[in-house]
Amino acid sequence: MSKPPRTFDRTHTDDLAAFVQAAPSPYHVVAAVAARLEKAGFRRVTETDAWDAEAGGKYVLRGGAVIAWYVPEGAPPETPFRVIGAHTDSPNLRVKPRPDMGTAGWRQVAVEIYGGPLLNSWLDRDLGLAGRLSLRDGSTALVDVDRPLLRVAQLAVHLDRGVNDTGLNLDRQRHLQPLWGLGDAHDGDLIDFLAAEAGLDADDVAGWDLMAYDVQPPAYLGRDRELLACPRLDNQLSVHACTAALLAAVESGDLDFIPVLAAFDHEENGSGSDTGAQGPLLGNVMKRSVHARGGAYEDRLRALAGTVHVSSDVGHAVHPNYAEKHDPTHHPRANGGPILKTNVNQRYSTDGVGRAVFAAACEAAGVPFQHFVSHNAMPCGTTIGPITAARHGIKTVDIGVPILSMHSARELCGADDPAYLAAALTAFLTA
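As the structure is a prediction and not an experimental result, all values here were calculated from the model.

Thresholds, definitions, all that
All residue numbers refer to position in the chain's written sequence, counted from 1. Owing to the predicted nature of the model, reporting of local features is limited to residues with pLDDT of at least 70; listing and counting of side-chain atom pairs is limited to 80 or more, with chain, interface and lining totals taken over all residues. Hydrogen atoms and water are omitted, and side-chain values are computed over all heavy atoms in the structure. Cavities and pockets are found on a 1 Å grid laid over the protein atoms alone: a cavity is a set of points where a 1.4 Å probe fits but cannot escape, a pocket is an open set with protein on both sides within 12 Å along at least five of seven lines, and a lining residue has an atom within 4 Å of such a point. Grid points are joined across faces, edges and corners, and a volume is the space filled by probe spheres set on the points. Helix and strand assignments come from DSSP, with helices taken as H or I runs of at least 4 residues and strands as E runs of at least 2, each series counted from the N terminus. Each residue gets one of three labels, nonpolar for Ala, Val, Leu, Ile, Met, Phe, Trp, Tyr, Cys and Pro, charged for Asp, Glu, Lys and Arg, and polar for the others, Gly among them. Two strands pair under a simple rule: DSSP has to find at least two bridges between them. Residues count as neighbours in contact if any of their non-hydrogen atoms are within 4.5 Å of one another. Helix axes are fitted only over the stretch in contact, all axes being lines through C-alpha atoms; the angle between N-to-C directions runs from 0 to 180 degrees. Think of it this way: a Phe, Tyr or Trp ring, Trp meaning its six-membered ring, pairs with another when their centres are within 6.5 Å, and the plane angle makes it stacked under 30 degrees, edge-to-face over 60, tilted otherwise. Burial classes follow relative accessibility: with a 1.4 Å probe on protein chains only, a residue under 20% of its type's maximum area counts as buried, one over 50% as exposed, and anything between as partly exposed.

Asker: Tell me about empty space enclosed by the protein, residues and numbers included.
Answerer: Under the counting rule described, the total for this entry stands at three cavities of 30 Å³ or more. Put simply, the largest cavity is a space of about 140 Å³. Taken together, 20 residues line the largest cavity, and the ones lying closest to its centre are Ser 90, Pro 91, Asn 92, Trp 122 and Arg 232. Broken down by secondary-structure element, the contributors of at least two residues to the lining of the largest cavity are strand E10 (205-214) and helix H5 (233-252). Broken down by element, the residue count for the lining of the largest cavity peaks at four residues, all from E10.

Take a look at the structure:
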């Protein structure tokens, strides 16, 4: 007989809410992860330096990606890895190279659509602006205007009488440019403002990677506060859980593998970048870790042959108003535990062996889990899982937490599920 589900307080979910609020861009995500790693005794290594064979925790930052790993004392070069993967980016509105524009006496910011957001969810929200500024000396600086600054104003129903009957039709170029004031637009205004916010001289700013975000803070929802309404659950929920799991596994001291956290950027547009899952970053870290401990080509292949990767990304909870959109025999529910994602066409990389691995981790952690497959008549999304499996030749299983409103500016999950996920990932790293 299976054990009853483990119970949690809301400490982990409270911490998730604080993590998300402090991380409005992928660059802020990796900074938040790095701060937690440093506090736990991990040290940053740079890709241009030679790596040593010392045991302990290390991490690499590149743009909006972070790879962290822990080498147990005396681990031989052929020691397999246990990888937990996620992504740092979320669909949103991103600032164009020439951002200053305006029409009819309104000052606006020119934006481009990143990933596949639910466009209507960005209307009539108070938006902040965050990201990084690239300076002429080659350094970067984070910037975060965490207050209402921008707004994508919706057209009044009086000027679009049929909108509630025919549906809202948003033109990506014309209808989603946010306003941020009155008057004439002048080139340089936005960057001058952001440089001042970051305490910089605007003349030192040579480039930027900036994005809008909803400034409304995360909040518990429902009669019993059993739900969490939160921006960027896709996929900061997983990044936060993976970080917590890595640190808990290291603290336990019960490691037969080298645990790895791999948080990539650019998953929402296909992962095809030097900081995405299709890039070489994870593979280079694993290779260099083997070689730094005196391993050769044969040792690296042995290590990879024994490696298992859990790709964690949010999935779809059954929607009460659209239950017909889901597979009729697979209805993941909020607070029912993490979901095990399966797609026989390899949109998810889970197979029978992977299912067994994750089921064992959940059993060891005392948490429930659920199964997810897409409705046969609908296309299935994908994750970093199949990409990582194919690129590195490592066994991979796709999991996540079921949510509603995926790719909205504000998403919804069960308040217990983040802690369930972190516990299962911890057990995976230590089992």
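Asker: I'd like to hear about the layout of surface pockets, residue by residue, with values.
Answerer: Put simply, the largest pocket is a space of about 850 Å³. Listing elements by their share of the lining of the largest pocket, those giving two or more residues are strand E15 (315-316) and strand E19 (402-404). For the lining of the largest pocket, the per-class residue count stands at 13 nonpolar, 12 polar and six charged. The space that makes up the second largest pocket amounts to roughly 550 Å³. Around the second largest pocket, the lining comprises 25 residues; the ones closest to its centre are Ala 153, Gln 154, Leu 155, Arg 174 and His 175. For the lining of the second largest pocket, the elements supplying multiple residues, two or more each, are strand E5 (92-103), strand E6 (106-114) and helix H3 (163-166). Grouping the constituent residues of the lining of the second largest pocket by class yields 14 nonpolar, eight polar and three charged.

Asker: Could you give me a rundown of the sheet that holds strand E11 (residues 219-221), with the residues and numbers involved?
Answerer: With respect to topology, five strands assemble into an open sheet ordered E11-E12-E20-E19-E15, the strand pairing being mixed. With partners counted over all chains shown, the strands left at the sheet margins are E11 and E15, one partner each. The pairing of E11 with strand E12 (residues 227-230) spans three bridges and is classified as antiparallel. Note that in E12 the partner of Tyr 220 across the bridge is Leu 228. Helix-sheet contacts for H5 involve E12 and strand E20 (411-414), and the interaxial angle to E20 is about 40°.

Asker: Explain the sheet that holds strand E14 (residues 308-312) to me, using residue names and the numbers behind them.
Answerer: A sheet is described by the order of its strands in space; here nine strands give the open sequence E1-E2-E3-E13-E4-E14-E18-E16-E17, paired in mixed fashion. In the strand order of this sheet, the two ends are held by strand E1 (43-44) and strand E17 (370-372), each with one partner. Of the pairings in the sheet, the one linking strand E4 (residues 81-87) to strand E13 (residues 258-264) comprises seven bridges and is parallel in character. Residue Gly 85 lies in a different strand from E13, and its bridge partner there is Ala 262. The strands that H5 touches are strand E3 (65-71), E4, E13 and E14; relative to E4, the one it contacts most, it runs at about 155°. Packing against the sheet, helix H9 (residues 384-392) makes contact with E4, E13, E14 and strand E18 (395-400), and its axis sits at approximately 160° to E14.

Asker: Account for the packing of aromatic side chains, naming residues and giving values.
Answerer: Using the criterion set out here, one finds five aromatic pairs in the structure. Each ring, one from Tyr 348 and one from Phe 372, has its centre 6.3 Å from the other, and the planes form 65°; the classification is edge-to-face. You can see Tyr 348 sitting in the loop between strand E16 (339-341) and helix H8 (352-365) and its partner Phe 372 sitting in strand E17, a full 24 residues away along the chain. Look at Phe 372 and you get buried, because its relative accessible area is 4%. The interplanar angle of 75° and the centroid separation of 6.3 Å between the aromatic rings of Phe 358 and Phe 369 together place this pair among those described as edge-to-face. Of this pair, Phe 358 sits in helix H8 while Phe 369 sits in the loop between H8 and E17, and the two are 11 residues apart along the sequence.

So, to be careful, I would describe these as geometric facts and stop short of saying anything about function.
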